[in-house]
Amino acid sequence: MKIAFFDTREYDRTAFQELADEAGIEVNWFEARLDRHTAALAKGADAVCIFVNDTADAEVIDTLYELGVKMILLRCAGYNNVDIRHAYGKLHVVHVPAYSPYAVAEHTMALLLTSIRRIHKAYNRTREFNFSLNGLTGFDLHGKTVGVIGTGKIGRIFIDICRGFGMKVIAYDKFPAEGSGIEYVTKDRLFRESDIISLHCPLTEETRHTIDADAIAKMKKGVVILNTSRGPLIDSEALLQGIKDRKVGAACLDVYDEEADIFFEDNSGHILNDDTLARLISMPNVIVTSHQAFLTQEALRNIAETTIQNMKDIAGTGMCKNELCYRCGREDACRRERKGRCF
Ligand code: NAD
């Protein structure tokens, strides 16, 4: 078996190579992202392994299918970058539904604490022997209300962490978890009552721009917005305006609407073409990390183990619990429930 591995970095290779060797799987590493220009690199491979900013649209899927590729191994949870409807019947699409929800939830809290206690500023100051406290006043999290949108694996761990800080938690989820003890409210109420809002829902057409100008208008003055989910959940222009209007008190972003051409790369020697991102980063109350919330040793190991197992399952029996198809979640139409395989 052979995998063409796209958009790879040193840390991917470290985590995967040993497991691939043990399983007798040959790996071709490519730094390039998968898209219509690079799909031909997969020639001779049984599978392509891709990440969040690769593109597997209809055209790419057709090219891969013609090349004899049989599966797309997503080494992440989200799959908004794969046309799973078009892939059905051609390529099996598998993902890693959970690798370390703790990694993402903990990073979210790290961003929040860094922002509201001005740790990023203090770090820079003390390195220059500036021990002044002017401008570093923060606020207690204890007693504040956090609104969590999306109460799946990551959202719930983040809720537990917030409760540990003595915060009041309210949440919105399209599919509320019965009996979870979470106080669900409408999205409007969440916008109105939250001191801090954290996004943990997937990116879909419905959730795109969950936070836009209308939503920001409903929020409390000084609200802190956290996004470690997917960039397009926030309308970046509206966020920037909210910050300029002093309505949004702080924003912590691990993801960004147009991150695909920017994140994961060292652009320090280049002029940044994205004016909105440049302006956001220039704000004293905005912290941006480069989609690193998942990046822990535990998560990388789990990603590699699950991905290799997913490949073995599909190659062996055609049955894999982590397979995705456009019928997923539709009880009346799930072929895997009845026949064990998606196709
Ligand atoms: P999950 O599937 O366990 O939970 C998602 C939750 O969102 C579910 O409870 C679901 O009911 C809810 N939801 C679905 N549609 C909704 C809607 N329209 N409105 C509100 N809620 C809705 O997923 P998870 O493992 O908790 O991951 C959440 C997101 O985190 C992923 O979709 C992914 O985009 C992101 N993520 C980011 C990183 C990172 O490194 N920054 C890493 C992993 C995951």
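Model, not experiment: these values are computed from the prediction.

With that settled, consider the overall build of the protein chain. The secondary structure content of the protein chain amounts to 12 helices and 12 strands. Expected size for 343 residues packed as a compact globule is a radius of gyration near 20 Å; at 21 Å, the protein chain falls within 12% of this value. Taken over the C-alpha atoms alone, the protein chain extends approximately 60 × 50 × 35 Å along its principal axes. Within the span of the protein chain, comprising 343 residues, buried residues form 48% of the whole. Within the protein chain, residue pairs in contact and separated by at least 24 positions form 66% of the contacts whose partners lie at least 6 positions apart. Here the protein chain has roughly 16800 Å² of accessible surface; of this, 49% comes from carbon and sulfur atoms. Positive and negative side-chain charges of the protein chain, numbering 43 and 49 respectively, have mean locations separated by a distance of 4 Å.

Take the nonpolar core next. Within the largest apolar cluster, 81 residues are counted, with the highest numbers of intra-cluster contacts made by V48, I50, L64, I72, I211, M219 and L239. No other element matches the seven residues that helix 11 (residues 297-316) contributes to this core. Looking at which domains feed residues into this core, each of domain 1 (2-99 + 297-337) and domain 2 (101-288) supplies at least three. Setting aside its immediate chain neighbours within four residues, M219 contacts F191, I197, I211, I225 and K247.

Another aspect to go through is the site of the ligand. Close to the ligand lie 23 residues; Y99, K153, I154, D173 and T228 are nearest. For the ligand, an oxygen atom lies 3.2 Å from a polar atom in the side chain of R230.

A few words on the domain arrangement of the protein chain. Per the domain assignment, the segments making up the protein chain are domain 1 (2-99 + 297-337) and domain 2 (101-288). Measuring from the centre of the C-alpha atoms in domain 1 to the corresponding centre in domain 2 gives 30 Å. Listed per partner, the contact involves 11 residues of domain 1 and 10 residues of domain 2. Together domain 1 and domain 2 conceal approximately 920 Å² of surface at their shared face, both sides included; 48% is due to carbon and sulfur atoms. When the buried area of domain 1 at its contact with domain 2 is split by residue, R33, N53 and N80 rank highest and sum to 44% of it.

Across the sheet, which stays open at both edges, the six strands sit in the order 2-1-3-4-5-12 with mixed pairing between neighbours. Where the open sheet ends on each side, the last strands, each with one partner, are strand 2 (26-29) and strand 12 (323-324). Contacting strand 1 (2-5) and strand 2, helix 1 (residues 10-23) crosses the sheet at an angle of about 160° to strand 2.

Moving on: unusual backbone geometry. In this structure, D7 takes a positive phi of about 55° despite not being glycine. Positionally, D7 belongs in the loop between strand 1 and helix 1. Backbone geometry at F129 places phi at a positive 60°, although glycine is not the residue there. With respect to the secondary-structure elements, F129 resides in the loop between helix 5 (119-127) and strand 6 (145-149).

Below, the discussion takes up the side chain of K247. Within the secondary structure layout, K247 lies in the loop between helix 9 (236-244) and strand 10 (248-253). This buried residue, K247, is left without a salt bridge; D245 holds the nearest opposite charge, at 8.4 Å. Separated by 3.0 Å, the side chain of K247 and the backbone oxygen of I216 make a polar contact. Reaching out from K247, the side chain makes a polar contact with the backbone oxygen of A217 at a distance of 2.9 Å. Those residues in contact with K247, other than ones at most four positions away along the chain, are I216, A217, K218, M219, K220, K221, G222, V223 and G242.

A word on helix 10 (residues 275-282). T276, L277 and L280 are the residues of helix 10 that are buried. Down the axis of helix 10, the buried side of the element spans an arc of 95°, and every buried residue falls inside it. Lining the buried residues of helix 10 we find helix 9, strand 10 and strand 11 (286-288). Where helix 10 begins, the capping side chain belongs to D274, and its oxygen is found 3.1 Å from the backbone nitrogen of T276.

Let us look at the pairing of strand 10. The buried count for strand 10 comes to five of six residues, which makes it a mostly enclosed element. Bridge analysis of strand 9 (residues 223-227) against strand 10 gives five bridges, and the strand direction is parallel. In the strand pairing of strand 10, N227 is matched with L253. Note that the unit made of strand 9, helix 9 and strand 10 has a crossover that is right-handed. In terms of strand pairing, strand 10 meets strand 11 through three bridges, oriented parallel. The partner of C252 across the bridge, within strand 11, is I287.

On to the sheet that holds strand 7 (residues 168-172). Read across the sheet, six strands follow the order 7-6-8-9-10-11 without closing on themselves; strand pairing throughout is parallel. One side of each edge strand has no neighbouring strand; the edge strands of this open sheet are strand 7 and strand 11. Ignoring strand direction, the axes of neighbouring strands in this sheet form an average angle of 15°. Across four bridges, strand 8 (residues 196-199) lies against strand 9 in parallel orientation. If you follow I197 over to strand 9, its bridge partner there is I225. Seen against the sheet, helix 9 touches strand 9, strand 10 and strand 11 and runs at an angle of roughly 140° to strand 10.

About the cut-offs
- Residues numbered from 1 in each chain as written.
- Predicted model: local features only at pLDDT ≥ 70, side-chain atom pairs only at ≥ 80, totals over all residues.
- Heavy atoms only, no water.
- Helix = DSSP H or I, 4+ residues; strand = E, 2+ residues; numbered from the N terminus.
- Rg over C-alpha atoms; globule rule 2.2 N^0.38 Å.
- Buried < 20%, exposed > 50% of the residue type's maximum accessible area, 1.4 Å probe, protein only.
- Contact = heavy atoms within 4.5 Å.
- Areas by Shrake-Rupley, 256 points an atom, 1.4 Å probe, with all protein chains shown as cover.
- Lys, Arg positive; Asp, Glu negative; His and termini not counted.
- Charge placed at Lys NZ, Arg CZ, Asp CG, Glu CD.
- Core = buried A, V, L, I, M, F, W, Y, C linked by side-chain atoms within 4.5 Å.
- Domains from an automatic or database assignment.
- Near = heavy atom within 4 Å.
- Polar contact = N/O pair within 3.5 Å; in protein donor to acceptor, adjacent residues only side chain to side chain.
- Buried area = accessible area lost by both parts, 1.4 Å probe.
- Pairing = 2+ DSSP bridges.
- Axes fitted to C-alpha atoms, helices over the stretch in contact; angles between N-to-C directions.
- Salt bridge = Lys/Arg side-chain N within 4 Å of Asp/Glu carboxyl O.
- Arc of directions from axis to C-beta.
- Right-handed = clockwise from strand over helix to strand, strands pointing away.

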